[in-house]
Amino acid sequence: WMQATAHHLNLHLAGSLLLRDQGEIYNSLLLFSPQGRMWRYDKLYPWGWERGYFRPGKAITVAQTDLGAIGMMVCWDVAHPTLWRHYAGQVDLMVISSCPPDGSNPTCHFPNGRQVTVEQLGPIMKALKGTARRVFGETVNQQTAWLGVPSVQTVCSGHIKTEIPNGLASACMLLPVAPWVIRYLPYAAKLQMSCEMVEGCKIVAATGHVLTELTGAQGEAFTLAEVTLPDEKPVPHGPQPVTSLPKLTYLFSDMLIPALTVPTYKKGLKQQHDK
């Protein structure tokens, strides 16, 4: 469908999906040209519980299109300066496909009806509130300016409520910062989380200035802006912007929570194989 649409509208079209390849599941961003060419990028950094549904990719993708060289990222990838650095000097444009729930400001729902907000989980968890909006806001703008090329980022809108993979283990992980959660462990296997989706559907100029951006209240919509691609691939000058996120954010999102949810991923693969 994406390939046919790109051809019909005579444009380059990108979108992400879960893709099964040689027995593994990836969160893949596909880019199609009007002539039917396709490029694929597999998300390198699954966020937290996402590791229960797909595995990390292995390399960056630079799509050599008629428009120019296009770098590709998916969602939580943008929080990693190292990944931006891999694209430095290689691209004319960055395309970022995101669907970020505001995991830094969640409400936890236990089956017995109890709801717990991030503020109620203690000062450490409260300190992480708002970090998701920084990632898809200032982080993208700053890294775009450092690369010296425009970027296009899409996000979802609305509200999400979802069951957490391996909810019991996730609840146990909170015990060091919120010991009172122990009373809810008997109900944690069916733990759910709800939050708003993070805003950030935008087009950013090579200077880091946002040319156009949608708000969450606008719902399903699109935005347009004209950008100028460089005649030659720019090489960043000066130091790369450092992340403003607490180290605890990466500890939870890249290490602890993924480690807890890998068994969910393996269980899902086995079930698919048995079918």
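Quick look at the structure, then.

Calculation notes
Residues numbered from 1 in each chain as written. Predicted model: local features only at pLDDT ≥ 70, side-chain atom pairs only at ≥ 80, totals over all residues. Heavy atoms only, no water. Phe/Tyr/Trp six-rings, centres within 6.5 Å; stacked < 30°, edge-to-face > 60°. Buried < 20%, exposed > 50% of the residue type's maximum accessible area, 1.4 Å probe, protein only. Lys NZ or Arg CZ within 6 Å of the ring centre and 35° of its normal. Helix = DSSP H or I, 4+ residues; strand = E, 2+ residues; numbered from the N terminus. Pairing = 2+ DSSP bridges. 1 Å grid on protein atoms, 1.4 Å probe; cavity = no way out; pocket = protein on both sides within 12 Å on 5 of 7 lines; lining within 4 Å. Points joined across faces, edges and corners; volume = space filled by probe spheres on them. Nonpolar A, V, L, I, M, F, W, Y, C, P; charged D, E, K, R; others polar. Axes fitted to C-alpha atoms, helices over the stretch in contact; angles between N-to-C directions. Contact = heavy atoms within 4.5 Å. Core = buried A, V, L, I, M, F, W, Y, C linked by side-chain atoms within 4.5 Å.

Okay, the packing of aromatic side chains next. For the structure on display, the rule yields 4 aromatic pairs. Ring geometry for Trp-47 versus Trp-49: centroids 5.5 Å apart, planes at 75°, classification edge-to-face. Take Trp-49: its relative accessible area is 16%, and that puts it in the buried class. Plain terms: the ring middles of Trp-180 and Tyr-184 are 6.0 Å apart, the flat faces sit at 85° to each other, and that makes the pair edge-to-face. Its relative accessible area of 25% is what places Trp-180 among the partly exposed residues. The rings of Phe-110, Trp-180 and Tyr-184 are connected pair by pair, giving a single aromatic cluster. Over the ring of Tyr-26 we find Arg-40, and its NZ or CZ is 5.4 Å from the ring centre.

For strand E2 (residues 24-32), the tally of buried residues reaches 8 of 9 residues, placing the bulk of the element in the interior. Bridge count between strand E1 (residues 13-21) and E2: 9 bridges; the pairing is antiparallel. Its bridge partner being in E2, Leu-19 is matched across the sheet by Tyr-26. Taking the residues between adjacent antiparallel strands as the criterion, E1 and E2 are bridged by 2 residues, where Gln-22 takes a positive phi near 50°. Bridge count between E2 and strand E3 (residues 38-42): 5 bridges; the pairing is antiparallel. The partner of Leu-30 across the bridge, within E3, is Arg-40. The loop that links E2 with its antiparallel partner E3 comprises 5 residues; one of these, Gly-36, has a positive phi angle of about 100°.

Here we take up empty space enclosed by the protein. Counted according to the given criterion, the structure contains 1 cavity of 30 Å³ or more. Each pocket or cavity is described by its volume, and for the largest cavity that value is around 40 Å³. As for the largest cavity, its lining consists of Cys-108, Phe-110, Val-116, Leu-121, Leu-174, Trp-180 and Val-181. Looking at side-chain class alone, the lining of the largest cavity contains 7 nonpolar, no polar and no charged residues.

Strand pairing in a sheet takes place through backbone hydrogen bonds and is either antiparallel or parallel in direction. Reading across from one edge, E4-E5-E6-E9-E12-E13 is the order of the 6 strands in this open sheet, with mixed pairing throughout. This sheet does not close on itself; its edge strands, each paired only once, are strand E4 (62-64) and strand E13 (210-213). Going across the sheet, the axis of each strand differs from the next one's by a mean of 15°, ignoring polarity. As paired elements, E4 and strand E5 (residues 69-74) share 3 bridges and run antiparallel to each other. What sits directly across from Ala-63, in E5, is Ile-70. Packed onto the sheet, helix H4 (residues 131-147) meets strand E6 (93-97), strand E9 (151-154), strand E12 (202-204) and E13 and runs at close to 30° relative to E12.

Ranked by size, the top nonpolar core spans 55 residues in total, and within it Tyr-41, Met-72, Met-73, Val-78, Tyr-87 and Met-94 carry the most contacts. The element that contributes the greatest number of residues to this core is H4, accounting for 6 residues.

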